[in-house]
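Listed below are the residues making up each chain.
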Amino acid sequence: VLDLRKNIQVVFQDPFSSLSPRMNIEDIISEGLMVHHPNISLGDKRKKLKNILEKVGLEYENTIEKYPHEFSGGQRQRIAIARALILEPKILILDEPTSALDVTIQNQILSLLNNLQKELNLSYIFISHDMRVIRAIANKIIVLKDGLIVEKNSSEDLFESPKSEYTKKLISSVIQDE
């Protein structure tokens, strides 16, 4: 069970409420390390922290001793991503990870996620209601309505020729907004 938890990590919708305000960033990101690698040396822990913070676009020295409230929403989401990635998972579950962010920061986080996916060979389970976001990140899409699968297809095929009426409505709402 511990291996499963290590290999599947989650990034939540609201980075402010998912990061403990009583812990500094070092403690937040390294919490999983302390569970899964309790004998890790301080040097190795710091090396991993520095590496993962660099990967998500944050500087170790300017980040590690601060608390979540000292960061913007986009920076907090980067911290949440670093916390999930420190254990080197195989699968990352992303639950509306950009919905609390403005469009510019949303695009930066999506770009970061795409780059990390390639660099780290990650699989994502990406949950979102925003079809623009889905289009930017997904290779394969499953559309759910009332907890049931109404359609599944490759991203390209789903957006080019949706089969279900519900999927057509979702896609047309994106086209109308553009």
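This report concerns the structure included in the present document. What you see is a predicted model, and the numbers here were worked out from it, not measured in a lab. Counting restarts for each chain: residues are numbered from 1 in the order of the written sequence. Residue-level local features of this predicted model are given only where pLDDT is at least 70; pairs of side-chain atoms are given and counted only at 80 or more, and the full residue set underlies all totals for whole chains, interfaces and linings. The side-chain figures draw on all heavy atoms in the structure; neither hydrogens nor water molecules are used.

**Re the pattern of salt bridges**
Pairing between side chains of opposite charge can happen when the charged atoms of each approach one another.
Then, in step 1: In what follows, salt bridge is the name for a side-chain nitrogen of Lys or Arg lying within 4 Å of a carboxyl oxygen of Asp or Glu. Within this structure, the stated rule accounts for five salt bridges.
Then, in step 2: Ionic pairing is found between Glu 165 and Lys 168, a salt bridge with its closest N-O pair at 3.4 Å. One end of the pair is Glu 165 and the other is Lys 168, both in helix α9 (residues 165-177) and three residues apart, which spans about a single turn.
Then, in step 3: Any residue under 20% of the maximum accessible area for its type is buried, any over 50% is exposed, and the rest in between are partly exposed; the area is computed with a 1.4 Å probe on protein chains only. The exposure class assigned to Glu 165 is exposed, which follows from its relative accessible area of 53%. Secondary structure is summarised from DSSP: a helix means a run of H or I of at least four residues, a strand means a run of E of at least two, and numbering begins at the N terminus for each.

**A word on helix α4 (residues 42-55)**
Then, in step 1: Take the number of residues in a helix, subtract one, and multiply by 1.5 Å to get its expected span. Between its first and last C-alpha, α4 extends 20 Å over 14 residues, near the 20 Å set by a 1.5 Å rise per residue.
Then, in step 2: Turning to α4, its buried residues are Lys 45, Leu 49, Ile 52 and Leu 53. The buried residues of α4 occupy an angular sector of 100° when the element is viewed end-on, so they sit on one face. Pointing more than 90 degrees away from the buried face of α4 are the exposed residues Lys 47 and Glu 54. For this quantity, the arc is that covered by the directions from the helix axis to the C-beta atoms.

**Details of the pairing of strand β5 (residues 148-154)**
Then, in step 1: Two elements, strand β4 (residues 140-145) and β5, share six bridges in a ladder whose sense is antiparallel. Bridge assignment links Lys 140 to a residue of β5, and that residue is Ser 154.
Then, in step 2: Here, strands pair whenever DSSP counts at least two bridges between them. As consecutive antiparallel partners, β4 and β5 are separated by two residues, and within that stretch Asp 146 has a phi angle of approximately 55°, a positive value.

**Here's the deal with the sheet that holds strand β1 (residues 8-11)**
Then, in step 1: The three strands lie next to each other as β1-β2-β3, forming an open sheet whose pairing is parallel. Both edges of this open sheet fall to β1 and β3 (123-127), since each of them pairs with a single strand only. Ignoring which end each strand starts from, the neighbouring axes of this sheet average 20° apart.
Then, in step 2: Bridging between β1 and strand β2 (residues 91-95) involves four bridges; their strand directions are parallel. Counterpart to Val 11 in the pairing with β2 is Leu 94.
Then, in step 3: By the convention used here, residues are in contact when the closest approach between their heavy atoms is within 4.5 Å. The axes are straight lines fitted to the C-alpha atoms, using for helices just the contacting stretch, and the angles between their N-to-C directions are given from 0 to 180°. The strands that helix α5 (residues 73-85) touches are β1 and β2; relative to β1, the one it contacts most, it runs at about 170°.

**Regarding the packing of helix α3 (residues 25-36) against α4**
Then, in step 1: The contact between α3 and α4 brings their axes to 11 Å, and the two run at 120°. Considering the angle they form, α3 stands oblique to α4. In terms of crossing hand, the pair formed by α3 and α4 is right-handed. From α3, Glu 26, Ile 29, Ser 30, Leu 33 and Met 34 reach across to α4, where they touch Lys 45, Arg 46, Lys 48, Leu 49, Ile 52 and Leu 53.
Then, in step 2: Under the grouping applied here, Gly and all other residues not named as nonpolar or charged are polar, the nonpolar ones being Ala, Val, Leu, Ile, Met, Phe, Trp, Tyr, Cys and Pro and the charged ones Asp, Glu, Lys and Arg. When its residues are assigned to classes, the contact of α3 with α4 shows six nonpolar, one polar and four charged. Here the angle decides the label: under 35 degrees means roughly parallel, over 145 means roughly antiparallel, 65 to 115 means roughly perpendicular, and every other value means oblique. For a crossing to be left-handed, the near helix must be turned anticlockwise from the far one by less than a right angle; the clockwise case is right-handed.

The analysis is restricted to geometry; functional conclusions fall outside its scope.
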